[in-house]
Amino acid sequence: MGYAEVYKAAQDNPEAFWLEQAQAIDWVKAPEQALFDKGADLYEWYADSLVNGCYNAVDRHVLNGRAAQAAIIHDSPITGTKETITFAQLQTRVAALAGALVAQGVTSGDRVIIYMPMVPEAVEAMLACARIGAVHSVVFGGFAANELAVRIDDCTPKAIIAASCGLEPNRVVHYKPLLDGAIDMAQHKPDACIILQRAQAPCDMVEGRDVEWEAAKALGTPAECVAVAGNHPAYILYTSGTTGAPKGVVRHTAGHLVALNWTMKNIYNVDPGDVFWAASDVGWVVGHSYIAYGPLIAGNTTVVFEGKPVGTPDAGTFWRVISEHNVRSFFTAPTAIRAVKREDPKGLEVAKYDLTCLRALYLAGERADPDTIIWAQNVLGKPVYDHWWQTETGYTIAGNPAGLEALPVKIGSPTVPMPGYNVQILDEAGHRVGPDTLGAIAIKLPLPPGTLPTLWNAEDRFRKSYLSHFPGYYETGDAGMIDADGYLYIMARTDDVINVAGHRLSTGAMEEVLAGHPDVAECAVIGVNDALKGQAPMGFVCLTKGVDRPHAEIEAECVKRIRDQIGPVAAFKLALVVDRLPKTRSGKILRATMVKIADGETFKLPATIDDPAILDEIRAALQTIGYAKV
Ligand code: COA
Ligand code: AMP
C-alpha cells in the first residue's frame, strides 16, 4: 500500500487501522478497543489495555535477540568521551535505577522530575520511571530555577532526578544550585533527590534529601516492569503557551507506544537494528520521542549527543557522528543546519566523512527556510525532509512518509498529513477554505493515538487553549494553507508563541517578567527575524513616570531579569526603552505591526490605530540598534 491507501484506511476505519498498528507492541493485556470517546470532545486510546513502556523499549529486545545490540551510543565531544550501552546493559541499569526510585517510596502514578544534561543517565531515568509506572516530567537544562520551581509546584513530584552539572561549550552549568534554589522557591517539596555526580563539577548534597546515583541504587533491588493501563500518563512535558504558566502536556502510555513505533519505519525509514539520531535535547519533545522512546521501542540504536552543531570542535561534528556510528536517518532543527552552513558554506567538512550510511536528513521544530534545505540537499546529496509537529502531538502531523512511499519534495512544505490527522484550514468563522488560501490550521477531532488527551490538572485550560475556538477541532496555533495536491504549508503562529533556535518560547511569559521590573510601567515583547535562530525576542519597555536613570542601565537589567527568571535558553538580548507603545483605540498593543517594522517589511496601517505617529518613534528607536531597515 502507498501513502494514499494507508491514509484513507486510517480515515475510513480508524478503529481497525489503529488496532492493527497496536499488534507491533507487546501487551500485558492487548486492547480490544482502540478509541474511547469520553464525551465533550475528549478522547483516549487503548484505555482497556495493560502495558509497560520500558518493557517495550528495553526488555522485549533483550528477550528477542537484541541483548548484545547497542541501545544507546553516547557521543560527547564536549567531554571527549564515547560510550556504548547494549540493550542487556540498559536493562540492568534501568532496573537498578527503578529500584532506587522504589526505595525512595516512588510508586505507580507518582511524578518524578528529571533535570539532566545529554548523558545516557537522562534516558535511563525516563525509562526507570516508565518501568514502575511513575510519571516523569523532564525539565530542559537551559531554564532558570524559577521555571523549574513552577513545574515542581504544578506536577508535585515525589522525587527529582538530576545531575550535578551540564556542559555548554563556554561554561559549566551548575544544575545543583539551580535545583536547590527551585526547591526553596517552590511550595511543594520532593521527598528525595537522586543526583548524578559528574566529574566536571561535583556538587554538595543536602542531608536527608539527596542521594548519590550509585548509592541510591544500592539502597534498592532491581525493579520489574509494572503493568499500567493504556491511558496511564507516561509523562508530562511543559511547553510554552501565551502566559507565564507553562502548559503540562500529558502523554498516555499506550497510544505513545503504538504511534511512535509506526513512525520509525514509515516516516524515518529505519528497520530494527539501524542507528537513528535526533540531535536535540531530552528536555524537548523531540528528545522524548526520538532520542528516548521511539528508536528504542522499534529496536533501533539511539545516539545521545552532548555537543553543538558548531564549535564542538567544528562544523564537521554532525558528519563525524553520522559516519562513525553508521547513522541511517538523522533529525535536527533547521537552526542547527544554518549554524553549520554559516561556518562551512562550501560543505568542506562534509567531504571529509564517508556518509554512505545516511539515507536522509529530517528537519523540524521551526520553519525550514528554502536556502537551508537547498544547501543541505546539495552538500549531502541526500533527500531533506521537512516535517511539522508540536509538543502536543508528540510526532509528525505532516511529513513525508519516506519509509512507506517517498513523495516528491516541495520546498517550503512539510508535505502531507500523516494517517489519523484530518488537517483542515479554517477561516475566522470556522469554515473550511479552499486550496492555496491562508487560514488557521485545525485538526478534526479525534486526534490519533499518542497525541495529548488533556493538560495536567488543567482540563479547562486544555479546552480553552485548543478546543473552544473551532468546535469539533483541535486548534494548532499555526496558520497556513493546503495546495491543490494536498501539501501543507506552515506560515506563522496565530498566538504569542515564538520560535528561537527551534525552542518554543512565550512572549507573554517574557512580558510578565519585564512588567515585574520596578521601573517598567508597560512593555511588549515580539519575535523579530534572526538569520541564525529564525526568530529572536525583542522587548520594548516604557518607564514609570519620574524614573530618571540611564536607559542603557535599565535595558541591561531587563536582559538580566529574563535570563535569571526564564533562563539563558530565552536568548533575550534586545531590550529598548521607548516613550510609548503603538495601540489600537481600544488599547490593544499592535505587536504584529511592530514585528513588520523591525523586520523592514511593508504593512498596512491598522485601521483601528490610535496614534500613527508612535510607529515612527518605534521605527526610529529600532534603527538606532540596526533594525527597521527598509
Ligand atoms: N543547559 C544550559 N544552558 C543551555 C542549554 C542547556 N541544556 N542549552 C542552551 N543553553 C544556553 C546556551 O549556553 C546559551 O547561553 P549563552 O547566552 O550564555 O550563550 C543560551 O542557552 C542560548 O542557547 P542557544 O539558543 O542554543 O544558542 P547558542 O548560541 O548557544 O547556540 C546553536 C546556537 C544554533 C548552535 C544552537 O541553538 C543549536 O544547536 N540549535 C539547534 C536547535 C535544537 O536542537 N533545537 C531542539 C528542538 S528540535
Ligand atoms: P514545539 O511544541 O516546541 O515542537 O513547537 C511547535 C511549533 O513549532 C509548531 O506549532 C510550529 O509553530 C513550529 N514548527 C514545528 N515544526 C515546524 C515545521 N516543520 N515548519 C514550520 N513550523 C514548525
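Residues numbered from 1 in each chain as written. Chains lettered and ligands numbered in written order. Predicted model: local features only at pLDDT ≥ 70, side-chain atom pairs only at ≥ 80, totals over all residues. Heavy atoms only, no water.

1. A look at the overall build of the protein chain
For the protein chain, the count of helices and strands is 18 helices and 31 strands. Since a compact globule built from 630 residues should have a radius of gyration of about 25 Å, the 24 Å found for the protein chain is in line with a globular shape. In terms of overall dimensions, the protein chain has a C-alpha envelope of 70 × 60 × 55 Å along the principal axes. Put simply, the protein chain has 630 residues, and 60% of those count as buried. If you take every contact in the protein chain between residues at least 6 apart in sequence, the share linking residues at least 24 apart comes to 70%. Of the roughly 23,500 Å² of accessible surface on the protein chain, 52% is carried by carbon and sulfur atoms. The average position of the 55 basic charges and that of the 73 acidic charges among the side chains of the protein chain differ by 2 Å. (Helix = DSSP H or I, 4+ residues; strand = E, 2+ residues; numbered from the N terminus. Rg over C-alpha atoms; globule rule 2.2 N^0.38 Å. Buried < 20%, exposed > 50% of the residue type's maximum accessible area, 1.4 Å probe, protein only. Contact = heavy atoms within 4.5 Å. Areas by Shrake-Rupley, 256 points an atom, 1.4 Å probe, with all protein chains shown as cover. Lys, Arg positive; Asp, Glu negative; His and termini not counted. Charge placed at Lys NZ, Arg CZ, Asp CG, Glu CD.)

2. Concerning the side chain of aspartate 210
As for its placement among the helices and strands, aspartate 210 is situated in strand β12 (residues 210-212). Only 2.8 Å separates the side chain of aspartate 210 from the side chain of lysine 176, close enough to count as a polar contact. If sequence neighbours within four positions are ignored, aspartate 210 has contacts with Lys176, Cys193, Ile195, Asp204 and Met205. (Polar contact = N/O pair within 3.5 Å; in protein donor to acceptor, adjacent residues only side chain to side chain.)

3. Quick word on the pattern of salt bridges
This structure, assessed with the given rule, holds 39 salt bridges. One salt bridge in this structure joins arginine 328 and aspartate 274, with 3.6 Å as the shortest N-O distance. In this pair, arginine 328 sits in strand β18 (residues 327-332) while aspartate 274 sits in the loop between α9 (253-266) and β16 (275-278), placing the two residues 54 residues apart along the sequence. Judged by its relative accessible area of 26%, arginine 328 falls in the partly exposed class. For glutamate 349, the salt bridge goes to lysine 352, with nearest N and O atoms at 3.1 Å. Take lysine 352: its relative accessible area is 55%, and that puts it in the exposed class. A cluster of three or more residues bridged by salt bridges with shared partners is formed by Asp75, Lys82, Arg320 and Glu324. (Salt bridge = Lys/Arg side-chain N within 4 Å of Asp/Glu carboxyl O.)

4. Description of the site of ligand 2
Lining the immediate surroundings of ligand 2 are 14 residues, of which His387, Thr391, Asp478, Arg493 and Arg504 lie closest. Separating a nitrogen atom of ligand 2 from a backbone N or O atom of glutamate 366 is a distance of 3.4 Å. Within the complex, the protein chains bury 92% of what would otherwise be the 490 Å² of accessible surface of ligand 2. By residue class, the composition of the shell around ligand 2 is three nonpolar, five polar and six charged. (Near = heavy atom within 4 Å. Nonpolar A, V, L, I, M, F, W, Y, C, P; charged D, E, K, R; others polar.)

5. A look at the sheet that holds strand β23 (residues 423-426)
If you walk across this open sheet you meet the four strands as β23-β24-β25-β26, and the pairing is antiparallel. The open sheet has two free edges, formed respectively by β23 and β26 (488-493), since each of these has just one partner strand. Strand-to-strand twist across the sheet, computed as the mean angle between neighbouring axes with direction ignored, equals 50°. Examined bridge by bridge, strand β24 (residues 439-444) and strand β25 (residues 473-482) share five bridges and lie antiparallel to one another. The residue bridging alanine 442 from the neighbouring strand is glutamate 475, located in β25. (Pairing = 2+ DSSP bridges. Axes fitted to C-alpha atoms, helices over the stretch in contact; angles between N-to-C directions.)

6. Structural notes on the site of ligand 1
Not every one of the 27 residues close to ligand 1 is listed here, only the nearest: Glu168, Arg171, Ala501, Lys533 and Arg563. Interatomic distance of 3.4 Å between a backbone N/O atom of glycine 142 and a nitrogen atom of ligand 1. One of the side-chain N or O atoms of arginine 171 is found 2.8 Å from an oxygen atom in ligand 1. Within the complex, 85% of the 930 Å² of free accessible area of ligand 1 lies under protein. For the shell around ligand 1, the elements supplying multiple residues, two or more each, are β10 (171-174) and α12 (334-343). A class-by-class count of the residues in the shell around ligand 1 yields 13 nonpolar, seven polar and seven charged.

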